[in-house]
Amino acid sequence: MKVFVLLKWLRVAISLAFVLLISFLFLDFSGSLSAAFTNAVLYLQFVPSIIKFITLTGVSSIGFILILVLTLLFGRVYCSFFCPLGALQDIVIFGSGRARRKKTFKFIRSLNGLRYSFLAGTVILLAAGSYLALNLFDPYSLFGKIISNLFRPAWYGVNNVIVAVLEQFDVYTLYPVSLKGFSWISFGFSLFMLILVIRLSVKKGRLYCNSVCPAGTFLGFVARLSIFKIKLDESSCTSCGRCSSACKSGCINSRNMEVDFSRCVGCFKCLTVCPDNGVHFKPSPLNRSRRFDRRTDNRRREFLVKSASTITGLVAFIKIDGSQSLKPGMKEIVRENPVAPPGSQNIRRFHKTCTACHLCISSCPTRVLQPSFTEYGWDGLFQPIMDYTSSFCNYECRICGGICPTGAILPLESEHKKRTQLGKAKFIKENCVVYTDETACGACSEHCPTKAVDMVPYKGRLTIPEVDDKICIGCGACEHSCPTKPKSIYVEGNPVHMLADKPKEKKPEPKQKPVGDFPF
Amino acid sequence: MKRRDFVKNGFSAGLTATSAMVFGNLEKLFAVPNGNPDLPYDLVAVMNGEPEMMFDNAIESLGGMKAFVKQGQKVVVKPNIGWDVPPERAGNTNPKLIKRIIEQCRNAGASDIYVFDNTCDEWSKCYKTSGIEEAAKAAGAKVVPGHTESYFREVEIKKGISLKKARVHELIIDSDVFINVPVLKHHSSAELSIAMKNLMGVVWDRMYWHRHNLHQCIADFATFRKPDLNVIDAFRVMMKNGPRGVSVSDVVEYKTLILSPDIVAADAAAAKIFGSEPSDISYIVKAGELGVGTYNLDSLKINRIKL
């Protein structure tokens, strides 16, 4: 008993540590966290780790193997020790239990149809080359989206209020932060899923993990083979039901003294509540798994079906762009390919590696990374995109490549990053203020870090932009800074990222001797 | 739409409202100081020294920092911190110069000294890489952000032709003394970036300037609040690929510094150093026409110091 109480507290401590650390990764805006720290914190995240292993085939990403080994030994401990979405649910369950002064669950029949469908759907989509199911339901990525889309704006708001108060006292140690871009679709989805997860956890404990979560269902299969299993000891169990009512997975049927270990999330609560030493956690032979009663609960099924259709509805929500009427002669921008982050190598590869956890979006110091809508296609929903309306990519910055947990964005060496061509700037003369108004501008050329956009003689002393494709890296500085509507310069994404030439270096001849006389 | 903006700007509206309530002394906007007739020179030019030494010599010949900063005054020092590039690239004002100016302000008795810029590259990287944040803090200044709209208040540009309104950083509005410390460099939009061009970093909505006759807007804004002192850093000068520059090969060492309370004269002198004629630079001419200052250097009392 005592040892199990310790085990339970160990689980609470570890899961709290992980959920707090992971949340911190998403909320920090100081840019002071090292990539190594981020990678260490996310090392054991199951789904990202598998994907990273497949993309990189290296020891840097064998976290999922550790999880599989742990599962083969002790069952789905990932779900209660390391999964941030699991921890979030546990916190909700703990809180709601406190609020209602009771924490009782009861045995739930396994929703096998549902959970296997979700897993099978995920596998089928993956086989077809789509990460959509993982984008939407992988617990780590979903947790990331919830923190990034819901908590982060609130966190920034709190920071900004504190900053405003401090500044009244002339203290400038903190500084305000802004989101720059904001995706209602991504926000709406995250909010919906958060409400769903909270509702399920208050009413039915860890039902998300045993109905929707593809990682949970997969680990459930593995858990059937675990060496250690939770079992009710038929000789000492009195079927008092304490373990059942403590089980947030609803997988203990104390009346029949049966445990569905494939649904057990490894919280070890049952071991601590049994007064008769009737719950064991022991090595057990691979056994004939018992069959459970298969009657269905229509209310629950209906709720889940409704939820699923609401998600679909949400996803199908059409992004409304503030369309403006064009002045005569001006041209609308038609971008054929989106711009994917530096280090993603090519759009296809990126699209098939990213689970849209939004860690890069949360960590991007310029906020040029924003959730996509349909730019990568329907199944690329929420994957990060270079959004040059919000900002542009900092020339020296390589943060996103260093922290991506799935390897969708790979790290780049500094010199390589500065030459990685994400796309090419396209100039639309008809929209340009130099052409339409015949007044000086050049904001695009000002911001260009390689001077791929240069100003060339036009009329009189006026100069007009000209793009050199070979040294353009597609960072979007020109597009972001262009003052016209619609833009006069934009970046057309490269489906496959290329290597730009090095910007030319030529020592300028000073028009007068640096050490001489004053020219006035 | 309203709610989207609300979230987007991170409660900036609330902040603006709060700060406007606290710093509501708008009448100060129009008390534009207009040079100092008691000064021995209209303009000082120094060459062949380190930035600190050149500044010390220049300010001394104008009667020392006390001629500009009085005991207990609030001073804002506005360098160019536009880009995420190190000092040797000369995209930003030399940090050594900023440090010495702040030290001089302290010695003159300034109560508070503030440093900020509304940068082009990501602000925290610019502040850091330029070396200005560290130098300014070491000298005892407060380094203030300028990257969110909450710091900016709308003002009227009464004499403006193209620019009638602008959102200006509260420190420019609220400080007693305004010291403008640009770096002289080539500029792909405005030909040269010097003192007047540096003022684009005190406004929020500068894309409006690009859209509505850039040169006229630069000149218009110079009528709003003329800096009490302009210190032009021409120690390293970016001769091409400005304003950001591509590599150190864009840079030539001129080891020169220009000091003047007349922003137009300062720009004219710096343009000459660069090798351009002030009368060719449209915003310099336009500012002269608006009566901001004079670009006819022959009419000025100039102190030329060679170290």
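A. A look at the overall build of chain A. Scanning chain A for helices and strands turns up 21 helices and ten strands. The burial tally for chain A puts 55% of its 520 residues in the buried class. For chain A, restricting intrachain contacts to residue pairs at least 6 apart in sequence, the fraction spanning at least 24 positions comes to 75%. Of the roughly 23100 Å² of accessible surface on chain A, 62% is carried by carbon and sulfur atoms.

B. Region of the structure containing the overall build of chain B. Each helix and strand counted, chain B has twelve helices and twelve strands in total. Across the 307 residues in chain B, those meeting the buried criterion constitute 64%. Relative to all contacts within chain B whose residues are 6 or more apart in sequence, the contacts with residues 24 or more apart total 75%. Summed over its atoms, the accessible surface of chain B is roughly 10400 Å², and 49% of this surface lies on carbon and sulfur atoms.

C. How the structure looks around the side chain of Q421 of chain A. All names here are of chain A. Mapped onto the elements of the fold, Q421 is located in strand β7 (residues 420-427). A polar contact is formed between the side chain of Q421 and the backbone oxygen of D469, at a distance of 2.9 Å. Residues contacting Q421, with those up to four places away along its chain left out, are D469, C472, I473, N494, H497, M498 and A500.

D. Structural context of the interface of chain A and chain B. Facing 60 residues of chain A, the contacting portion of chain B comprises 70 residues. Buried area between chain A and chain B, both sides added, is near 5600 Å², and the carbon and sulfur share of it is 59%. Seen at the junction of chain A and chain B, the total is five salt bridges. Across the chain A-chain B interface, the total number found is 19 residue pairs in polar contact (both at pLDDT 80 or more). Those elements that provide at least two residues to the side of chain A that touches chain B are α9 (139-168) and α20 (443-447) of chain A. If one sorts the elements of the side of chain A that touches chain B by residue count, α9 of chain A sits on top with seven residues. When grouped by side-chain class, the residues that make up the side of chain A that touches chain B number 30 nonpolar, 16 polar and 14 charged.

E. Geometry of helix α7 (residues 112-127) of chain A. All names here are of chain A. Here α7 spans 22 Å end to end across 16 residues, near enough to the 22 Å set by a 1.5 Å rise per residue. Against the buried residues of α7 lie α8 (132-137) and α11 (214-223). Directly beyond the C-terminal end of α7, a positive phi value near 90 degrees is found at G129.

F. Summary view of helix α11 (residues 263-274) of chain B. Residue and element names in this part refer to chain B. Over its twelve residues, α11 runs 16 Å from end to end, which matches the ideal 16 Å to within 8%, given 1.5 Å per residue. For α11, the tally of buried residues reaches eleven of twelve residues, placing the bulk of the element in the interior. Of the residues making up α11, those classed as buried are I263, V264, A265, A266, D267, A268, A269, A270, A271, I273 and F274. Put simply, D262 is the residue that caps the front of α11, since its side-chain oxygen is 2.9 Å from the backbone nitrogen of V264.

G. Structural detail: the side chain of D220 of chain B. Residue and element names in this part refer to chain B. Relative to the helices and strands, D220 is located in helix α10 (residues 214-221). Here D220 sits buried without a salt bridge, and the closest side chain of opposite charge, K164, lies 7.0 Å off (N-O distance). Within the local environment of D220, its side chain forms a polar contact with the backbone nitrogen of I161, the two atoms lying 2.9 Å apart. Apart from residues no more than four positions distant in its own chain, D220 is found in contact with I157, G160, I161, S162, L163 and L290.

H. Just unusual backbone geometry, in detail. In this model, K485 of chain A is joined to P486 of chain A through a cis peptide bond whose omega is -5 degrees. Along the chain, P486 of chain A falls in the loop between α21 (477-481) and β10 (489-499). In this structure, P243 of chain B follows G242 of chain B across a cis peptide bond, with omega equal to 5 degrees. With respect to the helices and strands, P243 of chain B occurs in the loop between β10 (229-238) and β11 (251-260). The phi angle at S239 of chain A is positive, at roughly 55 degrees, despite the residue not being glycine. Within the secondary structure, S239 of chain A is located in the loop between β1 (228-232) and α12 (242-246). Residue class for S239 of chain A comes out partly exposed when judged on its relative accessible area of 29%. Unlike most non-glycine residues, K451 of chain A shows phi in positive territory, near 60 degrees. Its location among the elements puts K451 of chain A in the loop between α20 and β8 (453-457). We classify K451 of chain A as buried; its relative accessible area is 6%.

I. Up close: the confidence of the model for chain A. Residue and element names in this part refer to chain A. Here chain A averages 89 in pLDDT, while 89% of its residues score no lower than 70. Confidence drops under a pLDDT of 50 for residues 288-296, and excluding neighbours within four residues, the segment shows 13 contacts in the predicted structure. Note that residues 313-323 has pLDDT below 50 and, in this model, 13 contacts with residues that lie over four places away or in other chains.

J. Representation of the packing of aromatic side chains in the model. Residue and element names in this part refer to chain A. Under the definition given, this model contains 28 aromatic pairs over all chains. Their ring planes at 85 degrees and their centres at 5.1 Å tell us that F118 and F137 sit as a pair that is edge-to-face. One end of the pair, F118, is in helix α7; the other, F137, is in helix α8, and 19 residues separate them in sequence. Considering the side-chain rings of F189 and F382, the 5.1 Å spacing of their centres and the 35 degrees angle between planes classify their relative orientation as tilted.

K. How the structure looks around the pattern of salt bridges. Following the criterion strictly, the structure yields 28 salt bridges over all chains and no others. A salt bridge links D90 of chain A to K248 of chain A; the shortest N-O distance between them is 3.1 Å. Here D90 of chain A is found in helix α6 (residues 84-100), whereas its partner K248 of chain A is found in the loop between α12 and β2 (252-253), with 158 residues between them in sequence. The class of K248 of chain A is buried, set by a relative accessible area of 9%. Close ionic contact of E103 of chain B with R100 of chain B constitutes a salt bridge, the shortest N to O distance being 3.0 Å. Of this pair, E103 of chain B and R100 of chain B both sit in helix α4 (residues 95-107), three residues apart, which is roughly one turn of that helix.

L. Just the packing of α7 of chain A against α11 of chain A, in detail. Residues and elements named next belong to chain A. Running from amino to carboxyl end, α7 crosses α11 at an angle of 105 degrees, the nearest separation of the two axes being 9 Å. It follows from the interaxial angle that α7 and α11 lie roughly perpendicular. Residues R115, Y116, L119 and T122 of α7 touch α11, and the partners they reach there are P214, T217, F218 and F221. Residues that form the contact of α7 with α11 fall into these classes: five nonpolar, two polar and one charged.

M. Up close: the environment of F373 of chain A. Relative to the helices and strands, F373 of chain A is located in the loop between β5 (369-371) and β6 (384-386). Taking the relative accessible area as the measure of exposure, F373 of chain A reaches 7% and is therefore buried.

N. Just the nonpolar core, in detail. Membership of the largest hydrophobic core comes to 106 residues, with the highest contact counts inside it found for F520 of chain A together with V77, I101, V168, I179, F221 and V231 of chain B. Broken down by element, the residue count for this core peaks at ten residues, all from α11 of chain B. Leave out the neighbours within four places in its chain, and F520 of chain A touches L43, A45, I258, A269, K272, I273, L297, I302 and R304 of chain B. By size, the runner-up hydrophobic cluster in this structure holds 76 residues, among which are L44, A87, F192 and I252 of chain A.

O. Seen up close, the packing of α9 of chain A against helix α10 (residues 184-204) of chain A. All names here are of chain A. Contact geometry for α9 and α10: axes closest at 9 Å, N-to-C directions at 115 degrees. As for how α9 packs across α10, the hand of that crossing is left-handed. Residues L142, K145, I146, N149, L150 and F151 of α9 touch α10, and the partners they reach there are S186, F187, F189, S190, L191, M193 and L194. Of the residues contributing to the contact of α9 with α10, the split by class is nine nonpolar, three polar and one charged.

Scoring rules and cut-offs
- Residues numbered from 1 in each chain as written.
- Chains lettered and ligands numbered in written order.
- Predicted model: local features only at pLDDT ≥ 70, side-chain atom pairs only at ≥ 80, totals over all residues.
- Heavy atoms only, no water.
- Helix = DSSP H or I, 4+ residues; strand = E, 2+ residues; numbered from the N terminus.
- Buried < 20%, exposed > 50% of the residue type's maximum accessible area, 1.4 Å probe, protein only.
- Contact = heavy atoms within 4.5 Å.
- Areas by Shrake-Rupley, 256 points an atom, 1.4 Å probe, with all protein chains shown as cover.
- Polar contact = N/O pair within 3.5 Å; in protein donor to acceptor, adjacent residues only side chain to side chain.
- Buried area = accessible area lost by both parts, 1.4 Å probe.
- Salt bridge = Lys/Arg side-chain N within 4 Å of Asp/Glu carboxyl O.
- Nonpolar A, V, L, I, M, F, W, Y, C, P; charged D, E, K, R; others polar.
- Expected span 1.5 Å × (residues − 1).
- Lys, Arg positive; Asp, Glu negative; His and termini not counted.
- pLDDT = per-residue confidence, 0-100.
- Phe/Tyr/Trp six-rings, centres within 6.5 Å; stacked < 30°, edge-to-face > 60°.
- Axes fitted to C-alpha atoms, helices over the stretch in contact; angles between N-to-C directions.
- Parallel < 35°, antiparallel > 145°, perpendicular 65-115°, else oblique.
- Core = buried A, V, L, I, M, F, W, Y, C linked by side-chain atoms within 4.5 Å.
- Left-handed = near helix turned anticlockwise from the far one by under 90°.

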